[in-house]
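The residues making up each chain are set out below.
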Amino acid sequence: MRYFSTRDRSESCSFSAAALRGLAPDGGLYIPERIPEYSAAVRNSLQSMSFMEIAYETIRPYVHENMNDGVLQDLIESAYPFTAPAVPVDSRFVLELFHGPTAAFKDFGARFMARAFSYFRRGEDKTLHILVATSGDTGGAVADGFFGVEGISVSVLYPRGRVSPLQERQIAGLGGNIHAIAVDGSFDDCQRLVKEAFSDNDLRKRIALSSANSINVSRLIPQAVYYTAAAGKLAAGNSDKDLPASPRSSSAACPPEDVSRNSAKSGPVLFCVPSGNFGNLTAGLYAREMGAPIRGFIAATNINRTVPEYLEKGVYEPRESIATISNAMDVGAPSNFERMKTQWSYERMSQLIKGCWIDDSETRKTIQDVKNNYSYILDPHGAVAWSAVDRLVSKAELDNSPVAVLATAHPAKFSETVEPVCGPVPVPESLASVMKRKVQSHRIPADRDALYSVLPL
Ligand SMILES: *Cc1c(COP(=O)(O)O)cnc(C)c1O
């Protein structure tokens, strides 16, 4: 498989080059030359395959020229000691993507990427510098994924005061090869600084530089795995049981009436994806093209509604981002849109994706209602998605397909928003220990020289 820049199809590179470079030299994002398809044998047995088997079948065609099958197998086993259960809640499913170490879905991409980088850099003696901008959860997942990985140094830029105390400790509490940089500005400022560093040829001559944002193709591809795994199960009328860290507000596990209400549904699945930079949704599109039984998607955003408006009007107007309670989605100019637009026409996108945006007061009300009615606790991002489904149901825009809402973070990660509206949230083990860490970060204004002065070069 060869990879091209979204801006230029004349030059291609391998997966490892695309992954290590992050952004293409012309400023575009890497995309595969085509999206491979699952074999019929795989498509027909998805419902009985394990998460790791599906991960292997999904990722292999994208990477096999650079990574032999045994290496890929080991890498997947080490990256995914957790899974993504699809549990019934009322008459839909919640796809819980927060059972990894940082309790957010970005663990799926970041853990694969860190291991792939480390493999591709084996035998090199020059340190690889990774520069990443985060609106909250990326930083934690990337920091955790790369912490202690030899030969790699990571600098995480985050908007000061706009991430939660827990997120800040996940980013800035590790130390070692992880450097935290608190920028006085928005996520878009952080992203701009990273882009500026990448387009600085002098800097790139001096050091080996790479990115770890959701623009990185090695993070994107593994995110297709949980769509296929969930779609395979749900399309066949199956679902999963709660795990110990599933956020039910009482000790009662999933009520039997929710299981039976949902088991009547089968066939291709509609996924509702709470979106910011649109890496997650793009990965869903890949899973669908590969042949997973997916009906389509709902792109749910907070008030940063650039993509829902594009889907509605056909005009793309990026904006400044606005701060909300679902802060990992505060993105006014989503970078993965460039991939979507290059790979799918407007007509195709509007057939496959319905857009919907939800404001903060509706998000809070949804957290409260879902807790009161179903004893299930959503985080603000998952609540945006749940609420988007409600909206489309009320407009009679949904048919009888199984609907899965992606819960992208554990509610305990956003307890300062969730607890005031629905009371105490059980805290998973992994998060309890993070709160004890001390924040160590460099504070800088949003300009390039300030950034260079704190990079560990
Ligand atoms: C990053 C993030 C999102 C947005 O995902 P994108 O791939 O950027 O669209 C949604 N929810 C949570 C909790 C996140 O961390």
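Quick caveat, the model's predicted, so the values are computed rather than measured.

**Student:** Tell me about the overall build of the protein chain, residues and numbers included.
**Tutor:** Of the regular secondary structure elements, the protein chain holds 21 helices and 14 strands. For 457 residues, the compact-globule estimate of 2.2 N^0.38 gives 23 Å, and the C-alpha radius of gyration of the protein chain, at 20 Å, lies within 12% of that figure. Each principal axis of the C-alpha atoms in the protein chain carries an extent, and together these give about 60 × 50 × 45 Å. Residue burial in the protein chain is summarised as follows: out of 457 residues, 60% are buried. Long-range contacts, defined as pairs at least 24 residues apart, comprise 77% of the intrachain contacts of the protein chain with a sequence gap of at least 6.

**Student:** Kindly report on the site of the ligand, identifying the contributing residues and their values.
**Tutor:** With respect to spatial proximity, 15 residues lie near the ligand, and among them Lys 106, Asp 137, Gly 276, Asn 277 and Thr 408 are the closest. One nitrogen or oxygen atom from the main chain of Gly 276 is found 2.8 Å from an oxygen atom belonging to the ligand. Between an oxygen atom of the ligand and a main-chain N or O atom of Asn 280, the distance comes to 2.8 Å. The class makeup of the residues in the shell around the ligand is six nonpolar, seven polar and two charged.

**Student:** Describe in detail the sheet that holds strand β6 (residues 128-133), supporting the description with residues and values.
**Tutor:** The five strands are arranged β9-β6-β7-β8-β14 in an open sheet whose pairing can be described as parallel. In this open sheet, the two strands that pair with only one neighbour each are β9 (208-211) and β14 (441-445). With strand direction ignored, the average angle separating the axes of adjacent strands in the sheet is 25°. As paired elements, strand β8 (residues 178-184) and β14 share five bridges and run parallel to each other. Residue pairing for β14: Ile 181 is matched across the bridge by His 442. Lying on the sheet, helix α5 (residues 106-120) is in contact with β6, β7 (152-159) and β9; it crosses β9 at an angle near 160°.

**Student:** Talk me through the packing of α5 against helix α6 (residues 137-146); I want residue IDs and the actual numbers.
**Tutor:** To describe two helices that pack against each other, one gives the angle between their axes and the distance between the axes. The contact between α5 and α6 brings their axes to 8 Å, and the two run at 35°. Between α5 and α6 lies a crossing whose hand is right-handed. Contact residues: Lys 106, Asp 107, Ala 110, Arg 111, Met 113, Ala 114 and Phe 117 in α5; Asp 137, Thr 138, Ala 141, Val 142, Asp 144, Gly 145 and Phe 146 in α6.

**Student:** Describe in detail the nonpolar core, supporting the description with residues and values.
**Tutor:** Among the nonpolar cores identified, the biggest contains 102 residues, and Tyr 3, Phe 146, Tyr 226, Tyr 227, Phe 271 and Ile 353 are the most heavily contacted of them. In terms of residue count, α5 provides more of this core than any other element does, nine residues in total. In this view, Tyr 226 contacts Phe 51, Ala 84, Leu 95, Leu 97, Phe 105, Phe 108, Asn 280 and Leu 406; residues no more than four positions away in its chain are not counted. Formed by 38 residues, the second largest nonpolar core is a distinct cluster that contains Leu 166, Cys 272, Val 403 and Val 434.

**Student:** Go over the side chain of Asp 107, please, and point to the residues and values.
**Tutor:** Tracing the chain through its elements places Asp 107 in helix α5. For Asp 107, which is buried and forms no salt bridge, the nearest opposite charge comes from Arg 111, at a distance of 5.9 Å.

**Student:** Mind laying out the sheet that holds strand β13 (residues 403-407), listing which residues take part and the relevant values?
**Tutor:** If you trace the six strands from one edge of the open sheet to the other, you get β4-β5-β13-β10-β11-β12, paired in mixed fashion. The outermost strands of the open sheet, each flanked by one partner alone, are β4 (86-89) and β12 (353-357). This sheet shows a mean twist of 25° between the axes of neighbouring strands, independent of strand direction. For β4 and strand β5 (residues 92-96), the ladder comprises four bridges, and the chain directions are antiparallel. Within β5, the residue paired with Pro 88 across the bridge is Phe 93. Along the sheet, helix α18 (residues 380-394) contacts β4, β5, β10 (269-274), β11 (294-301), β12 and β13; its crossing angle with β13, the most-contacted strand, is approximately 155°.

**Student:** Explain the packing of aromatic side chains residue by residue, including any values.
**Tutor:** Counting across every chain of the model gives 21 aromatic pairs. The interplanar angle of 80° and the centroid separation of 6.1 Å between the aromatic rings of Tyr 310 and Tyr 316 together place this pair among those described as edge-to-face. Tyr 310 gets classed as buried once you look at its relative accessible area, which sits at 7%. Of the aromatic side chains, those joined through ring pairs into one cluster are Phe 51, Tyr 80, Phe 82, Phe 108, Tyr 226, Tyr 227, Phe 271 and Phe 297. One Lys or Arg, Arg 92, reaches over the ring of Trp 386 and ends 4.2 Å from the middle of that ring. The side chain of Arg 305 reaches across the aromatic face of Trp 357, ending 4.3 Å from its centre.

Criteria and thresholds
- Residues numbered from 1 in each chain as written.
- Predicted model: local features only at pLDDT ≥ 70, side-chain atom pairs only at ≥ 80, totals over all residues.
- Heavy atoms only, no water.
- Helix = DSSP H or I, 4+ residues; strand = E, 2+ residues; numbered from the N terminus.
- Rg over C-alpha atoms; globule rule 2.2 N^0.38 Å.
- Buried < 20%, exposed > 50% of the residue type's maximum accessible area, 1.4 Å probe, protein only.
- Contact = heavy atoms within 4.5 Å.
- Near = heavy atom within 4 Å.
- Polar contact = N/O pair within 3.5 Å; in protein donor to acceptor, adjacent residues only side chain to side chain.
- Nonpolar A, V, L, I, M, F, W, Y, C, P; charged D, E, K, R; others polar.
- Pairing = 2+ DSSP bridges.
- Axes fitted to C-alpha atoms, helices over the stretch in contact; angles between N-to-C directions.
- Left-handed = near helix turned anticlockwise from the far one by under 90°.
- Core = buried A, V, L, I, M, F, W, Y, C linked by side-chain atoms within 4.5 Å.
- Lys, Arg positive; Asp, Glu negative; His and termini not counted.
- Salt bridge = Lys/Arg side-chain N within 4 Å of Asp/Glu carboxyl O.
- Phe/Tyr/Trp six-rings, centres within 6.5 Å; stacked < 30°, edge-to-face > 60°.
- Lys NZ or Arg CZ within 6 Å of the ring centre and 35° of its normal.

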